There are 2 protein chains.
Amino acid sequence: MAMKLPPALQQLIDAFQILPSVGPKSAQRMALYLLEKDRLGAERLSHSLQQAMNKLDHCKSCRNYAESDLCPICSDAERSTESLCVVESPSDVLALEQGVDFKGQYFVLYGHLSPIDGIGPAELGLADLKRKVEQLSIREVIVATNPTVEGEATAQFIMDMLLEDVVVSRIAHGIPMGGELDLVDGGTLNHALTGRRVMS
Amino acid sequence: MAMKLPPALQQLIDAFQILPSVGPKSAQRMALYLLEKDRLGAERLSHSLQQAMNKLDHCKSCRNYAESDLCPICSDAERSTESLCVVESPSDVLALEQGVDFKGQYFVLYGHLSPIDGIGPAELGLADLKRKVEQLSIREVIVATNPTVEGEATAQFIMDMLLEDVVVSRIAHGIPMGGELDLVDGGTLNHALTGRRVMS
Ligand SMILES: [Zn+2]
Ligand SMILES: [Zn+2]
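Note that the structure is predicted; figures quoted are calculated from it, not measured. (Residues numbered from 1 in each chain as written. Chains lettered and ligands numbered in written order. Predicted model: local features only at pLDDT ≥ 70, side-chain atom pairs only at ≥ 80, totals over all residues. Heavy atoms only, no water.)

Participant: Go over the pairing of strand β4 (residues 105–108) of chain B, please, and point to the residues and values.
Facilitator: Every other side chain in a regular strand lies on the same face of the sheet, so the side chains alternate between the two faces. Residues and elements named next belong to chain B. Here β4 shows no split at all, with Gln-105 and Phe-107 on one side and Tyr-106 and Val-108 on the other all buried. Bridge count between strand β3 (residues 83–87) and β4: four bridges; the pairing is parallel. The residue bridging Cys-85 from the neighbouring strand is Tyr-106, located in β4. Between the parallel elements β3 and β4, the chain passes through helix α4 (residues 90–99) in a crossover that is right-handed. (Buried < 20%, exposed > 50% of the residue type's maximum accessible area, 1.4 Å probe, protein only. Helix = DSSP H or I, 4+ residues; strand = E, 2+ residues; numbered from the N terminus. Pairing = 2+ DSSP bridges. Right-handed = clockwise from strand over helix to strand, strands pointing away.)

Have a look at this one:
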């Protein structure tokens, strides 16, 4: 049963549903919450959305988000240029920065090779990657694309492109620490098995 | 480990966390999703937030949200003035309108009596409720406050206030005790509504 809401309320509920994993019920709860409990917060969210969309562009060096030419990581002189980590998306950078003690450089592909979708080396900025590796005299490129068919193909392509200049390594994939063997998908299991190390 | 993000991105991630049940991880996913995949959607959400906060106020008759003096329900001449349903929040109106075939009037309290929080009859607009019941010559007031201790006390207070003028009924239990109206499915709501008791 479609209910006639005030248009401004209906439009806000609809707009919230553009967000990932927000359905009609959550969208409604968000809209009513802001109206009833946090109108200042709503203004702040509205303003932050505008600021973010206006100010954020891709870093000229790593393609992650930046407000100026270089992102905070690329403009941090304290970070090592020894190694560079290639990832598929900005959320991967966040996960690595939050969970790992890696102090090198990054490069964000925004996806993986997918000829069927028209995503080739140019769309992933691979020429920029090669240039960055040369300019910073990077010694090791760690390819941390996802362990999917497309991620593997992309990793292979990057390795072929860079192998003459630098060491290229692939991030290890396997069973998560504390994870259970039978809860892990077959692809990961395969990786874990083929990537096994001799114990000593 | 606190990561240095571009300020506009950090502020957007922080702003999303004002929303109910949105933690740091979801907020981050929302911000990156909009930046990468739906910048137009972000503009639309920003605009909708502003419009909603600027345009929506309380309906002069039922206190639900409205863009003009009267909300769509109160200004709908087709709706019956036979009965009026009193609820704690706008989301309850939405739940009833979506799940139940009720074509009468509403009144939204925005809470329940809670002396400890300084919420008395004035804060709930109970004088307006009494006036509305008289002006529209309502015959039956259905009190659909939540079946909690405070909701019951509020129902009792409203009954005492209105009993001389109209029939006052309480929405039937069938809604789980301690539960919230807007989380209940339509069938249960229907049952609760048809099984309402006249209060005495
Ligand atoms: Zn950068
Ligand atoms: Zn109204």
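Here the narrative resumes.
Participant: Mind laying out the sheet that holds strand β4 (residues 105–108) of chain A, listing which residues take part and the relevant values?
Facilitator: Residues and elements named next belong to chain A. Strand order in the open sheet formed by four strands is β4-β3-β5-β6, and the pairing between neighbours is parallel. This sheet does not close on itself; its edge strands, each paired only once, are β4 and β6 (167–170). On average, each strand axis in the sheet is inclined to that of its neighbour by 25°, with strand direction left out of account. Of the pairings in the sheet, the one linking strand β3 (residues 83–87) to strand β5 (residues 140–143) comprises four bridges and is parallel in character. By the bridge assignment, Val-86 is partnered in β5 with Val-143. Strand contacts of helix α4 (residues 90–99): β3 and β4, with the helix running at about 155° to β4, the strand carrying the most contacts. In the packing of helix α5 (residues 126–135) onto the sheet, the strands contacted are β3, β4 and β5, and the crossing angle to β4 comes to about 170°. (Axes fitted to C-alpha atoms, helices over the stretch in contact; angles between N-to-C directions. Contact = heavy atoms within 4.5 Å.)

Participant: I'd like a description of the nonpolar core, backed by residues and values.
Facilitator: With 72 residues, the main nonpolar core has A:Phe16, A:Leu45, B:Phe16 and B:Leu45 as its most contacted residues. Look past the residues within four positions of A:Phe16 in its chain and what remains in contact with it is A:Val22, A:Ala27, A:Met30, A:Ala31, A:Leu34, A:Leu45, B:Leu19, B:Leu45 and B:Leu49. (Core = buried A, V, L, I, M, F, W, Y, C linked by side-chain atoms within 4.5 Å.)

Participant: An account of the UniProt feature "zinc finger region: C4-type" (unreviewed entry) in chain A is requested, with residue identities and associated values reported.
Facilitator: Mapped onto the present numbering, the UniProt feature "zinc finger region: C4-type" (unreviewed entry) falls on residues 59–74 of chain A. A distance of 8 Å separates the end C-alpha atoms of residues 59–74 of chain A, which is 0% helix and 12% strand. (UniProt positions renumbered as here; feature names shortened; annotations may be inferred.)

Participant: Just give me the short version of the coordination of the zinc ion (ligand 1), but keep the residues and values in it.
Facilitator: All names here are of chain A. Coordination of the zinc ion (ligand 1) by the protein involves Cys-59 (SG), Cys-62 (SG), Cys-71 (SG) and Cys-74 (SG), with metal-donor separations of 2.2 to 2.4 Å. Between the four donor atoms coordinating the zinc ion (ligand 1), the angles at the centre fall across 104 to 117°, so the site counts as tetrahedral. In the primary structure, the donors to the zinc ion (ligand 1) are separated according to the pattern C-x2-C-x8-C-x2-C. Of the two residues, Cys-59 is situated in the loop between β1 (57–58) and β2 (65–66) and Cys-71 in the loop between β2 and β3; the sequence distance between them amounts to twelve residues. Of the residues examined, Cys-59 reaches a relative accessible area of 3% and is grouped as buried. (Donors = N, O, S within 2.8 Å, 3.2 Å for Na, K, Ca; no water. Tetrahedral: all angles 85-135°; square planar, octahedral: opposite > 155°, others 65-115°.)

Participant: Got a sec to walk through the pattern of salt bridges? Specific residues and values, please.
Facilitator: Counting across every chain of the model gives twelve salt bridges over all chains. Here B:Asp128 makes a salt bridge to B:Arg131, at a shortest N to O gap of 2.3 Å. Separated by three residues within a single helix, B:Asp128 and B:Arg131 lie in helix α5 (residues 126–135), roughly one turn from each other. In this structure B:Asp128 comes out as partly exposed when scored by relative accessible area, which is 30%. Three or more residues are tied together by salt bridges with common partners; here these are A:Lys130, A:Glu134 and A:Asp165. (Salt bridge = Lys/Arg side-chain N within 4 Å of Asp/Glu carboxyl O.)

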